Amino acid sequence: LAQESRIRRSFRYRSTVGSHPTSRLSAYYVSTELVMSLLSGRHFIAAVLCGLALLPCTSKATYDVGGVEEEEDDTMSMLQRPAIATPEAAASAEAAGASRTWPILVPLQRESVPLIRNGKTVAHKTSYAGAISIGHPAQDFRVVFDTGSAHVVVPSAACSSETCLEHRSYNISASSSAHAINVDGSQVPEGELCDQVTIGYGTGKVTGEFARDEVCLGGDSEETRTCVEVSMVMAVEMTTQPFKSFNFDGIFGLSLDALAVGPEFSFFNRLAGSGFGGELQFGVFMAGPDAGQEHSSEIALGGHNSKRLLSPLQWTPVAVKQMGYWQIDIKEVRIGNKTLDVCKDGSCRGVVDTGTSHFGVPGASIDEFQSALSTEGAEDEDCRFVDAPSMELVLEGITLSLGPRNYMRPLAIPAGVEVGSARGVTVESGSQVDQPAASATPSSNSDVATGGTASKASHSCAPRIMPVNLPAPLGPNLFILGEPLLSRYYTVYDWKQAQIGFGLAATKANKEALIQAGQAVDSEDEHEEEIYSFMQVTVTVSVRYKQAGVVARGRRTLTAPGLALPM
């Protein structure tokens, strides 16, 4: 995976083509040109012939990165497919894009799953999903459009786990436009094993194999949909939590392409190179939890929908874009009239993540946020309308504000009942399989339900927040700006300019708040967690091949920050 032009770490290469391994080389700055030179001569020729299936793919290269020995097929890192193969295809795509009305709007349905404690509903798990189709003939799926991860992931027909069987599955053999591929984009030779990948999210993980097929979204007619050939992941294993709880089938990653295992796996990167006629933007509208708004949300592709705005867009630049996240610098955080200390050193950033249900705060500050935002409640009280302080995020040129109607859980929580997660989002949370966080929750986590207050009230009103415990360079002072913020602000993601636009969303709650302020508004199971986060935190690629009748494996483990080393 030669995605970086320079790697600031120890790097050693050993080729074992034939019986004469080359000597090891060590360096602290290794360029892609040096890697190419190491593959020169007979090694490069062997790699090309292997990729063309003219030589058995039994040779291997061993890389030592950061002291961990990893084995890779020596053809994998150099083969990429263009988004459009011929000038004629490009011209055809441009003509089709010019005749289409942009942006394309994809409706999103809000799903709410009750969380039961002692026979009573104490909270809800929520998600927003929309329709896509894959292949010819089309196979239909419902997916979460996720700005915190990079890959299109759907269950494979080969997956027989309980979670996969609950959802629609992708049958690669039933699609005439599909190809089984390896991580480098090459087709899997007959009789060989295909590569595998394991993707760890903030909650849960999937293991899958690679395919290339046409992915379509936007409707049934040519005028209302767009299709792009993209490399994707067919899940052969999916953890029970959170995938089994919801009706959506998979994940549609929309992060920047640095987070993907290769550029051809990024849908928007492929779309950008396809000659389509829209803007290199997409916009997300989440209607929020108000009754009757379950079918009102949408994602706009190839621009944004200005009808979903109550105020002009204000833009802020993406920070450290080589990491691949839609993340922004946060200069200050205020609760009420108090500025918190967490961002005083200038290290705070926030990942804007449409695939996260809660508002994530740095783990070291979770108690401070819980205490400041929680208050006493009463049974059957709607906590969104209690008297609680506002929270403000000061960005570059913008200040975003959230009130209790945005950040508070609607239902008051009975005393002694635990909801949420003490672990939150960690690197480890993406690698654990079917281990409910509640089972690992310490007894001190009672403060998660009570907000850390000493009140003896029978119920409490607590915010929808969760701890984020990720190490540098992504953490430790990392916020995840999930549904509580995204249901207040319409967000536009500008791929070309690497910036995010925020405008007050035209939701029922925002319109009512403006009317109250006198402003005019234009007409237009017991162990389950309520949180979920599809922010991608780990990626592990297994390169598999046969050698003298024995299955060999090479494994490369990459944490999300490691996917984007300095260029």
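Residues numbered from 1 in each chain as written. Predicted model: local features only at pLDDT ≥ 70, side-chain atom pairs only at ≥ 80, totals over all residues. Heavy atoms only, no water.

**Student:** What is the right way to look at the confidence of the model for the chain in this model?
**Tutor:** Do not read the fine detail of predicted coordinates wherever pLDDT is low. Looking at the chain as a whole, its pLDDT mean stands at 75, while 68% of the residues score no less than 70. With pLDDT under 50 throughout, residues 430-456 is counted as low confidence; its partners more than four residues away or in other chains account for 48 contacts. Low confidence marks residues 556-567, where pLDDT is under 50. Its contacts with residues over four positions away, or in another chain, come to 43 contacts. (pLDDT = per-residue confidence, 0-100. Contact = heavy atoms within 4.5 Å.)

**Student:** Sorry if this is basic, but what is going on with the state of the cysteines here?
**Tutor:** Note on terminology: a disulfide is the covalent bond linking the sulfur atoms of two cysteines. Throughout the structure, instances matching the rule amount to four disulfides. Each disulfide pairs two cysteine sulfurs, and for Cys159 the partner residue is Cys164, the sulfurs being separated by 2.1 Å. Judged by the sign of its S-S torsion, about 80°, the bond between Cys159 and Cys164 is right-handed. Judged by its relative accessible area of 5%, Cys159 is buried. (Disulfide = S-S within 2.5 Å. Buried < 20%, exposed > 50% of the residue type's maximum accessible area, 1.4 Å probe, protein only.)

**Student:** Explanation requested: the packing of aromatic side chains in the structure shown.
**Tutor:** The relative placement of two aromatic rings is captured by the distance of their centres and the angle of their planes. What the rule picks out here adds up to 15 aromatic pairs. A centroid spacing of 4.8 Å and a plane angle of 65° characterise the contact between Phe252 and Phe267, whose relative ring orientation is edge-to-face. Of this pair, Phe252 sits in strand 13 (residues 250-253) while Phe267 sits in helix 6 (residues 267-272), placing them 15 residues apart in sequence. There is no split in this pair, since Phe252 and Phe267 are both buried. Here Phe285 and Tyr490 contribute two aromatic rings whose centre-to-centre distance is 6.5 Å and whose plane-to-plane angle is 40°, an arrangement assigned as tilted. Of the two residues, Phe285 is situated in strand 14 (residues 281-285) and Tyr490 in strand 30 (residues 489-494); the sequence distance between them amounts to 205 residues. The pair formed by Phe285 and Tyr490 is uniform in burial state, with each residue classed as buried. The rings of Phe268, Phe282, Trp326, Tyr493 and Trp495 are connected pair by pair, giving a single aromatic cluster. (Phe/Tyr/Trp six-rings, centres within 6.5 Å; stacked < 30°, edge-to-face > 60°. Helix = DSSP H or I, 4+ residues; strand = E, 2+ residues; numbered from the N terminus.)

**Student:** What exactly am I supposed to notice about the pairing of strand 14 here?
**Tutor:** Along a regular strand, successive side chains alternate from one face of the sheet to the other. Extensive coverage of strand 14 is indicated by the burial of five of its five residues. Going residue by residue along strand 14, you find Gln281, Gly283 and Phe285 tucked away on one face and Phe282 and Val284 tucked away on the opposite face as well. Pairing analysis gives four bridges linking strand 14 to strand 30, with the strands arranged antiparallel. Counted as the bridge partner of Val284 is Thr491 from strand 30. (Pairing = 2+ DSSP bridges.)

**Student:** Even after reading the chapter, I still don't get the sheet that holds strand 19 (residues 338-339), so can you show me in this structure?
**Tutor:** Through backbone hydrogen bonds, the strands of a sheet pair up, either in parallel or in antiparallel fashion. Strand order in this open sheet of four strands is 19-18-23-24, and the pairing throughout is antiparallel. Lying at the two open borders of the sheet, with one neighbouring strand each, are strand 19 and strand 24 (399-402). Summarising the sheet, strand 18 (residues 332-335) and strand 19 pair through two bridges and their orientation is antiparallel. When the sheet's bridge partners are listed, Ile335 is paired in strand 19 with Lys338.

**Student:** For this particular structure, what's the right way to read helix 11 (residues 508-516)?
**Tutor:** What helix 11 keeps buried is the set Ala509, Asn510, Lys511 and Leu514. Each element contacted by the buried residues of helix 11 is listed here: helix 8 (404-407) and strand 31 (499-504). A positive phi of about 85° marks Gly518, the residue just after helix 11.

**Student:** Explanation requested: the sheet that holds strand 27 (residues 459-461) in the structure shown.
**Tutor:** With antiparallel pairing, the three strands of this open sheet are ordered in space as 22-27-25. Edge positions in the sheet fall to strand 22 (375-377) and strand 25 (413-414), since each has one partner strand and no second. Looking at chain direction, strand 25 and strand 27 are connected through two bridges and run antiparallel. Counterpart to Pro414 in the pairing with strand 27 is His459.

**Student:** Any chance you could explain the nonpolar core here in plain terms?
**Tutor:** If you look at soluble globular proteins, the nonpolar side chains tend to sit buried side by side. With 75 residues, the main nonpolar core has Phe145, Phe369, Phe479 and Phe502 as its most contacted residues. The dominant element in this core, judged by the number of residues it contributes, is strand 12 (residues 226-238), at four residues. (Core = buried A, V, L, I, M, F, W, Y, C linked by side-chain atoms within 4.5 Å.)

**Student:** Where do I start with the pattern of salt bridges in this structure?
**Tutor:** Side chains that differ in charge, positive against negative, can pair when their charged atoms come close. Taken as a whole, this structure holds 12 salt bridges when the rule is applied. Residue Glu483 is joined to Arg110 by a salt bridge in which the shortest nitrogen-to-oxygen separation is 3.3 Å. Of this pair, Glu483 sits in helix 10 (residues 483-486) while Arg110 is found in strand 5 (residues 104-117), placing the two residues 373 residues apart along the sequence. In terms of burial, Glu483 and Arg110 fall into one category: buried. A salt bridge links Arg270 to Glu229; the nearest nitrogen and oxygen atoms lie 3.5 Å apart. Taken together, the residues span a long stretch of sequence, with Arg270 in helix 6 and Glu229 in strand 12 at a distance of 41 residues. Linked by salt bridges that have partners in common, Arg110, Arg464 and Glu483 make up one network. (Salt bridge = Lys/Arg side-chain N within 4 Å of Asp/Glu carboxyl O.)

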